[in-house]
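Residue-level listing of the chains:
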Number of protein chains: 2
Amino acid sequence: MSAPPPRVEPGRVARVREALATVLAPEQLRVDDAALAAYARDESDSGVHAPDLVVFPADTRQVSQVFKACAVHGVPFTPCGARSGKSGGSLPLHGGVAVSLERMNRILSISPEDLTAVVQPGVITGDLMKAVEAVGLFYPPDPNSWEVCTLGGNVAENAGGPRALKYGVTRDYVIGLEWVLPDGEVVRVGRRTIKGVAGYDLVGLFVGSEGTLGVATEITVQLIPLPREVLTALVVFPSVLHAARAVSAVLAAGILPRCLELIDDVALRAVNGRGFQFPPGAGSAVIVEVDGNGREGLLAELSQLGDICTSQGATETLVAQDASQREKLWAARRVISPALRALKPHKISEDIVVPRSKIPEVIERLKAMGAELGLTVATYGHAGDGNLHANILYEGAHQRPLVDEALRRMLVMTVELGGTITGEHGVGHAKREYLSLEQSPALIDLQRRLKAFFDPSGLLNPSKIFPALMRS
Amino acid sequence: MSAPPPRVEPGRVARVREALATVLAPEQLRVDDAALAAYARDESDSGVHAPDLVVFPADTRQVSQVFKACAVHGVPFTPCGARSGKSGGSLPLHGGVAVSLERMNRILSISPEDLTAVVQPGVITGDLMKAVEAVGLFYPPDPNSWEVCTLGGNVAENAGGPRALKYGVTRDYVIGLEWVLPDGEVVRVGRRTIKGVAGYDLVGLFVGSEGTLGVATEITVQLIPLPREVLTALVVFPSVLHAARAVSAVLAAGILPRCLELIDDVALRAVNGRGFQFPPGAGSAVIVEVDGNGREGLLAELSQLGDICTSQGATETLVAQDASQREKLWAARRVISPALRALKPHKISEDIVVPRSKIPEVIERLKAMGAELGLTVATYGHAGDGNLHANILYEGAHQRPLVDEALRRMLVMTVELGGTITGEHGVGHAKREYLSLEQSPALIDLQRRLKAFFDPSGLLNPSKIFPALMRS
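Residues numbered from 1 in each chain as written. Chains lettered and ligands numbered in written order. Predicted model: local features only at pLDDT ≥ 70, side-chain atom pairs only at ≥ 80, totals over all residues. Heavy atoms only, no water.

1. Structural notes on the pattern of salt bridges
Under the defined criterion, the tally for this structure stands at 58 salt bridges over all chains. Across the pair Arg12(B) and Glu9(B) runs a salt bridge whose closest N-O atoms are separated by 3.8 Å. The exposure class of Glu9(B) is partly exposed, given its relative accessible area of 41%. For Asp404(B), the salt bridge goes to Arg400(B), with nearest N and O atoms at 3.0 Å. Remark: Arg400(B) and Asp404(B) occur in helix 14 (residues 400-416); sequence separation between them is four residues, near one turn of the helix. Look at Asp404(B) and you get partly exposed, because its relative accessible area is 24%. By relative accessible area, which is 22% here, Arg400(B) ends up partly exposed. Overlapping salt bridges, with partners in common, bring together Lys166(A), Arg258(A), Glu289(A), Asp291(A) and Arg326(A) in one network. (Salt bridge = Lys/Arg side-chain N within 4 Å of Asp/Glu carboxyl O. Buried < 20%, exposed > 50% of the residue type's maximum accessible area, 1.4 Å probe, protein only. Helix = DSSP H or I, 4+ residues; strand = E, 2+ residues; numbered from the N terminus.)

Below is the structure:
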């Protein structure tokens, strides 16, 4: 890309460090190389951008103090969670202070009576899932990284996951937030009840704001009863187009599984034999999961779904007979990303969404584009809601211009089909220059001004989401 | 209350009328007494506030032109739909222009493949429900006024309804908006896909903004497959406390019906015999509705639910055997409001929400408060999500101070219990002076500034949501 973003002036860094040392314990402020290197990257392909210091506030007051100190000294500051994001949202592009919320990692309460939980932002998503399931409750959002990612990060990015098809995404579960604004002011927004419409929906605005409007220091989520039965199946198809058409047909027939995960031919070959053996002749597959409280109803639903898939060319439907078979199917799904990474030295993972009726078309066009440009394109993901993780595999830096061209074409095509450039990963740094493919200049300008309304100094997580302004 | 809000200066009205006459056809601009009277009220108890003129734009461009003309001439303007709101949100408090969206009433598309629909704001909610159900799809939000209210109004108020318990509210279904900002600028926000996180969630911010941040001129909603089976039952209890405890117990047992509607003793007596006869000795009742695709699973769920209710003291569970019995139950629910109105000359309907575990406590305290003040309090509504419509019945204006005191106590109590002052009706004009019971001065100030960000002139729907500022 272009020149690296300008870094904050060292004198300012020295002064903010001095100020922060008066409010944080020594172990809460790190400047060692290991820390700076660790907080310089995430799971995106957005490069390495080290902060000048990393701080670990332990409570809301300290978060507020850190924000205020950065404002006073004019130092950019960037919040982060587990750094498992895929759009560079937590990268401190201009240096300055990385504000890690990972010490604020307590589940504060779980209420089976109210069907709510209150957590700190550093709680790992999987830990919350397990804790609520232990009392018969369910927190549905399941980003693929749920074993490591944090709820604060999920809130910042409005994280999705396979179960979003039936259950929605993070913003559908967050009902209240304690929120530190860019100037360090602390507000409580939202509520503790399931419903409520008092005032503007700032929870809705803050969830998915990618760490640019402030940071959550306490998160109240609603829960639902844990479905008593879950059935998982693998449906095998001769080709990805057969699979894509079957996904559309299943949804059109009024069946809403909790997951419909597509695996294309490239992804299937990459994972085949890695703990899971696909039947011979398999060219593509779909993992289906249905849930509910009545086993018979679910079996009937799965059987109807199998019939529809068969009529669309499916060659086999394998129903997991127990928890271990089920886990094997999901392990195959989870291994796709690393398995693809092993195929070629480099991989860019995209996160497009098209209207569901366009799934077969977009897959076909992506394959054709890959063939034309001589790049390997693998497509998998949450096909049920049109959210596809289209991956471009490539050999090295010499192919990067070609990859950038492929990326641009992919996003243009997505928008042409009525889609969006990001379904759950966020715009962050990785896609800011593509936002204008999807959004009008007036809308981008409105959002820029909204960012300035909340953060007039522009010091919170700068150079994210919106395209760089041309210098005149 | 206090003095009526000051009205806009007549010279300005004359000038805006002249300007609007150049962009609207004669029948789109009304100043006759009948029109002014009809647009002076809604379904709240917020009085009569006539506009100076009523306009009926036919498309987005005209809405934009109306907004711009009002800005140029400094005339307040207030959008409205079916005027079925319960918080005075569409009342033109200072006169000026009432902007009715009722002519923009076309369903633009329904896509069974994408599971989406696109509508204009004047479409009646019930018309959309029926149109999508005809093709096997489901639009769940069901405000009680669905036969007359419009989707534009639902978007403005973030309308709920009985099915919100399982399916959520309007904002859970709106994915994209064409939106006219207060200065007349038109933006498209959101998307046409089910998932998407590009940029700030302005859809989330605009839905529920009560006509103070702009108006929707096109609404894209997501749909879900229509559940194939619905079972409805009436569970009868000796007292409202028994019923409230049963509601809590059902949810705690992991059952999530689509509706759990409570009818207390006062409401039950009011509707008894009006097309529906409750069993002798009934002191309270709950209407239960479960839905899904498998009849057997639903019957099992209803049976388990019945057992839980019995263990909480229920004396009878009557399952509707056909559509006509089912409709009778819902007709009894819908007649509660008019039946209560018939008991006493005046009625104030509240819309509180408490955490679900507090439902029995809030009902008990409301009854005690009514007894103490000598007022009749009827409580019914969406008990499953803690959203209760608590009604105060009274004789006339002489009791109004007492009613205001009861109202204040009710809202204080609700907030004390962790609840919110409005679950689905909005703050509007009716509850603006109570917002500070629930929200901090800092949060209210932030929202006031956000309103000023979008509407610096303050001409769009003035004096709503936020408390009147004290003059210094």
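2. Quick look at the sheet that holds strand 5 (residues 107-111) of chain A
Residues and elements named next belong to chain A. Ordered by their spatial adjacency, five strands build an open sheet running 5-6-10-8-9, and the pairing between neighbours is antiparallel. In this open sheet, the two strands that pair with only one neighbour each are strand 5 and strand 9 (186-190). Pairwise comparison of adjacent strand axes, ignoring direction, gives a mean angle of 10 degrees for this sheet. Against the sheet, helix 3 (residues 60-73) engages strand 8 (174-180), strand 9 and strand 10 (215-222), with an angle of about 50 degrees to strand 8. (Pairing = 2+ DSSP bridges. Axes fitted to C-alpha atoms, helices over the stretch in contact; angles between N-to-C directions. Contact = heavy atoms within 4.5 Å.)

3. Things to note about the domain arrangement of chain A
How big an interface is tends to be stated in terms of accessible area lost as the parts join. Residue and element names in this part refer to chain A. When the domains of chain A are assigned, the result is domain 1 (229-336) and domain 2 (344-416). Taken together, the 17 residues of domain 1 in the interface contact 18 residues of domain 2. Between domain 1 and domain 2 lies a buried interface of about 1,300 Å² when both sides are counted; carbon and sulfur atoms form 67% of it. In terms of surface lost to domain 2, no three residues of domain 1 exceed Leu 241, Leu 262 and Val 266, which account for 31% of the buried area on that side. Run the count over domain 1 and domain 2 and you get two salt bridges. Asp 264 is paired through a salt bridge with Lys 367; the nearest N and O atoms lie 2.5 Å apart. Remark: the boundary between domain 1 and domain 2 carries seven residue pairs in polar contact (both at pLDDT 80 or more). Listed by contribution, the elements that provide at least two residues to the side of domain 1 that touches domain 2 are helix 8 (240-252), strand 13 (259-263) and helix 9 (265-271). In terms of residue count, the dominant contributor to the side of domain 1 that touches domain 2 is helix 8 (seven residues). (Domains from an automatic or database assignment. Buried area = accessible area lost by both parts, 1.4 Å probe. Polar contact = N/O pair within 3.5 Å; in protein donor to acceptor, adjacent residues only side chain to side chain.)

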